[in-house]
There are 2 protein chains.
Amino acid sequence: MTDPTLPARVRIHEVGPRDGLQNEKTVVPVAVKSEFIHRLAAAGLTTIEATSFVHPRWVPQLADAEELFPLLRDLNGVRLPVLVPNERGLDRALAHGAREVAVFASATESFSHANLNRSIDESLVMFTPVVARAIDAEVPVRGYLSMCFGDPWEGAVPVAQVVRVARRLFDLGCAELSLGDTIGVATPGQVTELLTALNEADIPADRLAVHFHDTYGQALANTLTALRHGVTTVDASAGGLGGCPFARTATGNLATEDLLWMLRGLGIETGVDLDRLTDTSLWLAGHLGRPSPSRTVRALSHKES
Amino acid sequence: MTDPTLPARVRIHEVGPRDGLQNEKTVVPVAVKSEFIHRLAAAGLTTIEATSFVHPRWVPQLADAEELFPLLRDLNGVRLPVLVPNERGLDRALAHGAREVAVFASATESFSHANLNRSIDESLVMFTPVVARAIDAEVPVRGYLSMCFGDPWEGAVPVAQVVRVARRLFDLGCAELSLGDTIGVATPGQVTELLTALNEADIPADRLAVHFHDTYGQALANTLTALRHGVTTVDASAGGLGGCPFARTATGNLATEDLLWMLRGLGIETGVDLDRLTDTSLWLAGHLGRPSPSRTVRALSHKES
């Protein structure tokens, strides 16, 4: 039964290699990362956030971005955005052939200071030339907007504040905005409220993505709600890779497999092969030395054994 | 922001002491079970499925039903349904003071044979005097209908078949029917489809409960969908207690805490205190010797530590 309030197709923005791996303590060799990304592409993922051109000191796991990126040149037709924190990062990304980049902003002052060491305004000043120069190079820019629903220091985040920063990121020239529930506290009513407010501010749903964390088990219910509001781009992480500051041993990102199980059941096309993706997550879990937190990965692997 | 398509209040039917514990290998002493149920009641739960009057050989964990039930007499105002498999079970339940019972049927022939060793028709013949005699004793009967969305032997379950068995359980005299996704495979479109068909068959949503398992991470998205179709009784298990035949080390029942996080965020009343419930699940996890699979329990416990 198809549901007219849901989209026919969803594009999954796979964040496992970047957002998923960045907090992993076990250093993953560059050859494994390259194979991971190739396997994700072979499973049918068409947008794979590959790495981050941050200073190696900040994110040691991704210090090999310059080695990794050239290994992905054969992946024709796959979008491989990379995170860039500033102009220096953009220079490195462009020099290594990146054709899409992303910047990472915060909806709250507290997290902006904690994560970027500057205010929201100061971060937007920093991003202005990054976005402008990327556009000049015909490289589209995704904006990440973190802490859209709750903040560990500030609690609930006013919707008007999120809309204001979202508007400014689009005004800078971002092509797409990913709304992040960085600490995983959001519930479906908040998703409805924010997406309604963004729509009223003339920010169309087709330029938005949602990025939910499963810390409190809410990610899929929130995603379903976003789909009902016209969002068709969903961030997810293969195998549920990715930590969270408040639950390091628990889960982080929405697992791509849990998302796929729902979308497949709803008859929503993604082009991704669940079995191949699950095999990939099990293979990577072997390299990381611990089981995937994805419930679908666990259920499918127990079924086969 | 309240959502007019959602109920103002949800009754949680807590199944942890029965459905949650029944597959646990670690035998839990009767005093711990009694304390568990008292703590659940103190957290605000008003319907707690306490145990099962099955033959002790079938479910060794619940062989102490006759010892346990008298320990709960002080719980005034708390509904304490018990599962009864047949007339002998009903006799024992009534003799020990049970004021609500439940019977457990299957929507599929395969699971009816596997679980009850008889066909669906034969199981309904067996339940007929159980329900009739319970009603004579002014004891309401809940019907469980398992495998409503998928069956490990038969695959997808036709909606018409579920509606047919549901109709017969109401015709027997069941006061309420709990629709079970026993293997956790359902997705929101199926929930919509079944609830729509039941409504068209003149089975009102206020006599239905939903019972989702989180095996594939879908339980909360399915629950949200059921709420939008007028269901206001939701089965859940404290701490996510409860196994599943295909993923013993993964998760079983929807965790009451994960459900509460969503309902609280949506402004839906339950009367249940999340912090007290989380403490109870952590305390029981200590007795079972393994962490709770509930994401909310894990997140809240990490936050406090």
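Residue numbers restart at each chain and count upward from 1, following the sequence in its written direction. Chains and ligands are labelled by the order in which they are written, letters from A for the one and numbers from 1 for the other. Two thresholds apply to this predicted model, a pLDDT of at least 70 for residue-level local features and 80 or more for giving and counting side-chain atom pairs, whereas whole-chain, interface and lining totals are computed over all residues. Calculation of side-chain values draws on the structure's entire complement of heavy atoms; hydrogens and water are dropped beforehand.

As annotated in an unreviewed UniProt entry, chain A is Hydroxymethylglutaryl-CoA lyase from Streptomyces litchfieldiae. UniProt positions are given in the numbering used here, feature names are shortened, and annotations may be inferred rather than shown by experiment. Per UniProt, chain A has the following entry under Sequence similarities (unreviewed entry): "Belongs to the HMG-CoA lyase family."

Colleague: Sorry, what's going on with the pattern of salt bridges here?
Modeller: Oppositely charged side chains can pair when the atoms bearing their charge come close. All names here are of chain B. The salt bridge definition used is simple: a Lys or Arg side-chain nitrogen within 4 Å of an Asp or Glu carboxyl oxygen. For the structure on display, the rule yields 32 salt bridges over all chains. Among the ionic pairs, Arg 142 bridges to Asp 235, the shortest N-O distance being 2.9 Å. Residue Arg 142 is found in strand E6 (residues 141–146), and its partner Asp 235 is found in strand E11 (residues 233–236); the two are separated by 93 residues along the sequence. Comparing Arg 142 with Asp 235 shows no difference in burial state: the two are buried. Helix and strand definitions here come from DSSP, where helices need a minimum of 4 consecutive H or I residues and strands a minimum of 2 consecutive E residues; each element is numbered from the N-terminal end. Only protein chains enter the accessibility calculation, which uses a 1.4 Å probe. A residue is then buried if its area is under 20% of the maximum for its type, exposed if over 50%, and partly exposed in between.

Colleague: Where do I start with the environment of A:Val30 in this structure?
Modeller: Residues and elements named next belong to chain A. Residue position: Val 30 is located in helix H2 (residues 30–42). Remark: the alpha-carbon pair of Val 30 and Asp 258, spanning 228 residues in sequence, is separated by 27 Å. Contacts are assigned to residue pairs that have any heavy atoms within 4.5 Å of one another. With sequence-adjacent residues up to four places away left out, Val 30 is seen in contact with Asp 64, Glu 67, Leu 68 and Leu 71.

Colleague: It is not clear to me how the pairing of strand E10 (residues 208–212) of chain B should be interpreted in this structure. Could you clarify?
Modeller: Both faces of the sheet carry side chains from a regular strand, because those side chains alternate between them. Residues and elements named next belong to chain B. Among the five residues in E10, five count as buried, and that is most of the element. Burial along E10 is two-sided: the face carrying Leu 208, Val 210 and Phe 212 and the face carrying Ala 209 and His 211 are both buried. Following DSSP output, two strands are said to pair if at least two bridges run between them. Examined bridge by bridge, strand E9 (residues 176–181) and E10 share five bridges and lie parallel to one another. Bridging from a neighbouring strand, Leu 177 pairs with Leu 208 of E10. Of the crossover connections in this fold, the one passing from E9 over helix H8 (residues 188–200) to the parallel E10 is right-handed. In this sheet, E11 lies alongside E10 in parallel orientation, the contact comprising two bridges. Following the sheet pairing, Val 210 is matched in E11 by Val 234. Look down the strands so they point away from you; if the path from the first strand over the helix to the second goes clockwise, the crossover is right-handed. Regarding the hand of the β-α-β motif, the stretch spanning E10, helix H9 (residues 219–228) and E11 is right-handed.

Colleague: Looking at this model, I keep getting lost on the packing of helix H9 (residues 219–228) of chain A against helix H10 (residues 256–265) of chain A. Mind explaining?
Modeller: Describing two packed helices takes the angle between their axes plus the distance from one axis to the other. Residues and elements named next belong to chain A. Lines fitted to the C-alpha atoms define the axes, with helices restricted to the stretch that makes contact. Angles between their N-to-C directions range from 0 to 180 degrees. Between H9 and H10, the shortest axis-to-axis distance is 11 Å and the interhelical angle comes to 45°. For the element pair H9 / H10, the angle class is oblique. Note that H9 runs across H10; the crossing there is right-handed. Counted together, Leu 220, Thr 223, Leu 224 and Leu 227 of H9 and Asp 258, Leu 259, Met 262 and Leu 263 of H10 form the full contact between these two elements. Just so you know the grouping, Ala, Val, Leu, Ile, Met, Phe, Trp, Tyr, Cys and Pro go in nonpolar, Asp, Glu, Lys and Arg go in charged, and all remaining residues, Gly too, go in polar. Classifying every residue of the contact of H9 with H10 by side-chain character gives six nonpolar, one polar and one charged. In this scheme, roughly parallel covers angles under 35 degrees and roughly antiparallel covers those over 145, while 65 to 115 is roughly perpendicular and the rest are oblique. When the near helix sits turned anticlockwise from the far one by under a right angle, the crossing is termed left-handed; a clockwise turn instead gives a right-handed crossing.

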